[in-house]
Amino acid sequence: MAAFPWHPRSRNYTSEFESCRLEAVLVEFGDYHPLKPITITESKTKKMVRKGSTSSTSSSSSSSMIDPLSSVLDGTDPLSLFAATADSVTTAANTDSTRKKRDKDDSLVVGSDFEPWSSKRGEILARYTTTEKLSINLYMSSEKGKATTPGSAVSEKVRTRLEELDDLEEGSQKELLNLTQQDYMHRIEDLNQSLKDAWASDQKVKALKIVIQCSKLLSDTTVIQFYPSKFVLITDILDTFGKLVYERILSMCLDNRGSLPDNFTPESVNDTAKETCLNWFFKIASIRELIPRFYVEAAILKCNKFLSKMGISECLPRLTTMIRGIGDPLVAVYARAYLCRVGMEVAPHLKESLNKNFFDFLLTFKQMHGDTVQNQLVVQCVEIPLYLTLYSPAIDWILQCIAYRAPEILLTEMMERCKKLGNNALLLNSVMSAFRAEFIAARSMDFIGMIKECDESGFPKHLLFRSLGLNLAMADPPECDRLQILNEAWKVITKLKNPQDYINCADVWVEYTCRHFTKREVNTVLADVIKHMTPDRAFEDAYPQLQSIIQKIITYFHDFSVLFSAEKFLPFLDMFQKESVRVEVCKCIMEAFIKHQQDATKDPVILNALLHVCKTMHDSVNALTLEDEKRMLASLINGFIKMVSFGRDFEQQLSFYVEARSMFCNLEPVLVQLVHSVNQLAMETRKVMKGNHSRKTAAFVRACVAFCFITIPSLTSIFARLNLYLNSGQVALANQCLSQADAFFKAAVSLVPEVPKMINIDGKMRPSEPFLLEFFCNFFSTLLIVPDHPEQGVLFLVRGLLNVIQDYTWEDNSDDKVRIYTNVLHLLSAMTQETYIYHIDKVDSNDTLYGGDSKFLTEINKLCEAVIAQILDHLKTLGQEETLKRQSQLALYFFNSILAHGDLRNNRLNQLSVNLWNLAQKHGFADTKTMVKTLEYIKRQSKQPKMSHFTELALRLPLQSRT
């Protein structure tokens, strides 16, 4: 086909810019303002219209209304008004009941500041374990009563149930011996499930038997070190039973009014529910053994609410007294702990019962050292220190319940009772764990004095100092005592021979040291930790505590020049020999640095330390490292690189980047960041040295360019390379390094054929052509101002790029090649202008070099003709039915390009645009709204100076309907 000559229109960019500016309109001070309150007109017919509207249907009165955003401030927004209206409907009826409920709840509800039992459960199970063999008595289902038929008389059914109750504790169990701890726990879980199944199948007596048998297990202390965990497992079953009974009775209270409210009274409970509730208590009262009778009744303590307002308050003292009949002090203290737990759930305001339980425990304190207990410990080969730790969960819980929202004077009373008992270490430890940290911190020296007087044989003093340290980590002691407190504590801690005991205490007291002291004291503590943990590589068993120490230090020390100047900080890091742990610590340090370092730094202490930290992270990367992990490490290293600045010492800055490249060569995102940073450095140099282009400055810029040119080929991501070649070429061009810029652009052109059809984006394979199209558009905008090389010929880069585009294998169902050609046409049109739309300072582009030379313009026109031919050929290939929609879209796209860049006074170009317009509409795939708006635009443009030929064009562009 004959070539279509291209005739670009001449552009006056200055006038075009001016025509696009928004028109400035003067507004008087009293006129409309968007933030001014809106004035509305309210008519008698409740219609609202803006001020100034004419309405003859009704008289109106003007009123000023606050805008809805302002009204939020005084609570008159629509949602608040609606809520207030809804509340007013029910307020009158519910005022009294609401007030009563609120007053009651204030005294009953335990707040979120109370640590629940469930949070302690896992810790107890993990801490109190055993390798001894365990035994368990299981309830075995009896055949009695199973022959009863549906037609049996009621009296027979009752007789059967009475027989089952008689058999409740006799001949219905089987003892399982030689169970491992895991087997034992599985058996208890099975019992819990059996309880639920029995209840669901309406076998209430069987369920009660299971609970009684489980409760009996709490009297067994044959494997005493496992007792706290056994208590946790068994009380889970008791809790389940208590919940089932309560919900069963509550469901019997349903009537036409629905379920009972949360704050119901016994008067609202029907007789059937009360009778059932009493029946449960009578059944439990018939249990002969003390321990199961106590635990089962405590489990359903909440059910007293159905019988009497004072039921719970009367039962708690009685149950507290029952515990005095339990001879084993360990079993008794856990019974008290369970009663306190149930009491806190149903009646936390009854503090007297809690206190009574604790004081009863103190009265039996001497039993722990009695002959019975001592003989039992000898038989089981359990030392007294280990035995005393078994009491901790129960005592801690009892004291937590007592101390909850208790006045400070109660702590004073507890301290006095501890002194009367000879400052018992176990009790003192629980007191410090239970009361508020502020109360403990204020009496720190008093507690230290009591700790000194404790007998260390039963409960080690270092555990007491650890508990004190935990409180001081949350609350501050008097300032005058702080140094003395640290000295007294560390005297004890540093004498510990066992590395685990030592590090557990040191971990706690490091936080106190960081809170209140300087680098000097922290450095001393670190030196002591290194001294204790280095022999026999004890640090290998203490990585969690060592990590915790690092975390606490960087939490309180945000000045990293101070931190890294501490003599023992880096040697402390050297104790992390295990790679995975060492990397986690390094990540922790880098996250803290990026978060807290406000200003860029060149401090050599910080740089050397963090380069070492980053190198550790980088060197951990291997073939098995996950991509997410690589991204995280690279992000942290990049955060560090961005925070390094040597000011105007550009050579030192470049030297740092060169060193970083050699250290972090295995993380591609870091290399990408380094190239960006060096390009930014080159631009900063140009900005600072503006007007002073010395040989030294030019040499430095060339060194930056060389850094980028060497680094980019090492990247594996092809689009990272393409974009960095382009970006680096732009920087070189901006610094008048023309030959280097040409080298970057040539490298980018030669890389295009290597672009694969699919690329990996965030773990998913995506077509590469949209990314390639975006790259070309950016490249074309740069090529406009790139001057031709005197030895390479006219537009050598554009020609090379067109050859690559032509040879690249494009997808069959893609039109990106044509879109790229259309953008090339835009570029070539801009190149024909007398003055280009933008320039680079001190770089002569082709508009200056050629000065509108006819040979230059002829070469451009030849390229335009070739590009247009390619576009039209592609449009012809889309003539099949399945590609007509694509043809329509491309035809309109090309039409708009001609409209924007072509000189439509040329007849052939004008006719081509008409043909493209008709082709876009030919098969009914054109969007009518788009076509209408395009035509309206043409008509508006025809009124502009030198655009009158658009009038004739508009007449030649028909709008076709789809029908």
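Before any of the text, the structure's been laid out above.
Residues numbered from 1 in each chain as written. Predicted model: local features only at pLDDT ≥ 70, side-chain atom pairs only at ≥ 80, totals over all residues. Heavy atoms only, no water.

Draft legend 1. Expanded view of the overall build of the protein chain. Along the protein chain, the regular secondary structure elements total 44 helices and seven strands. Split into buried and exposed, the 963 residues of the protein chain put 47% on the buried side. For the protein chain, the share of sequence-separated contacts (at least 6 apart) that also reach a separation of at least 24 residues comes to 73%. Accessible surface, the protein chain: about 50100 Å² in total, of which carbon and sulfur atoms supply 52%. (Helix = DSSP H or I, 4+ residues; strand = E, 2+ residues; numbered from the N terminus. Buried < 20%, exposed > 50% of the residue type's maximum accessible area, 1.4 Å probe, protein only. Contact = heavy atoms within 4.5 Å. Areas by Shrake-Rupley, 256 points an atom, 1.4 Å probe, with all protein chains shown as cover.)

Draft legend 2. Geometry of unusual backbone geometry. Phi is positive for Cys381, close to 55°, though the residue is something other than glycine. Here Cys381 is to be found in the loop between helix H14 (371-380) and helix H15 (384-389). Residue classification places Cys381 among the exposed residues on the basis of a relative accessible area of 68%.

Draft legend 3. Focus on the pairing of strand S7 (residues 764-767). Across four bridges, strand S6 (residues 758-761) lies against S7 in antiparallel orientation. Bridge pairing in S7 places Ile761 opposite Lys764. (Pairing = 2+ DSSP bridges.)

Draft legend 4. Representation of the nonpolar core. Membership of the largest hydrophobic core comes to 313 residues, with the highest contact counts inside it found for Tyr387, Trp509 and Leu546. Residue contributions to this core peak at 13 residues, all from helix H12 (residues 329-346). With sequence-adjacent residues up to four places away left out, Trp509 is seen in contact with Phe465, Arg466, Leu468, Gly469, Leu472, Ile485, Leu486, Ala489, Trp490 and Ile493. (Core = buried A, V, L, I, M, F, W, Y, C linked by side-chain atoms within 4.5 Å.)

Draft legend 5. Geometry of the packing of helix H16 (residues 392-403) against helix H18 (residues 425-434). Contact geometry of H16 with H18 gives a least axis separation of 8 Å together with a crossing angle of 45°. In terms of orientation, H16 lies oblique with respect to H18. H18 is crossed by H16, and the crossing has right-handed handedness. Together, Ser392, Ile395, Asp396, Leu399, Gln400 and Ala403 of H16 and Leu426, Leu427, Ser430, Val431, Ser433 and Ala434 of H18 make up the contact between the two elements. Of the residues that constitute the contact of H16 with H18, the class distribution is seven nonpolar, four polar and one charged. (Axes fitted to C-alpha atoms, helices over the stretch in contact; angles between N-to-C directions. Parallel < 35°, antiparallel > 145°, perpendicular 65-115°, else oblique. Left-handed = near helix turned anticlockwise from the far one by under 90°. Nonpolar A, V, L, I, M, F, W, Y, C, P; charged D, E, K, R; others polar.)

Draft legend 6. The arrangement of the pattern of salt bridges in detail. Within this structure, the stated rule accounts for 32 salt bridges. Between Glu584 and Lys587 there is a salt bridge, with its nearest N and O atoms 3.1 Å apart. Separated by three residues within a single helix, Glu584 and Lys587 lie in helix H28 (residues 579-596), roughly one turn from each other. What emerges from the salt-bridge pattern is a single network uniting Arg324, Arg336, Lys356 and Asp360. (Salt bridge = Lys/Arg side-chain N within 4 Å of Asp/Glu carboxyl O.)

Draft legend 7. Geometry of the environment of Gln921. Mapped onto the elements of the fold, Gln921 is located in helix H42 (residues 907-921). On a C-alpha basis, the gap between Gln921 and Met931 in space is 8.8 Å, while along the polypeptide they are 10 residues apart.

Draft legend 8. View of helix H31 (residues 650-663). The end-to-end C-alpha distance of H31 is 20 Å, a good match for the 20 Å that 14 residues give at a rise of 1.5 Å each. Of the residues making up H31, those classed as buried are Phe650, Gln653, Leu654, Phe656, Tyr657, Ala660 and Met663. Buried residues along H31 sit against helix H29 (604-619), helix H30 (627-642), helix H32 (668-688) and helix H33 (695-711). (Expected span 1.5 Å × (residues − 1).)

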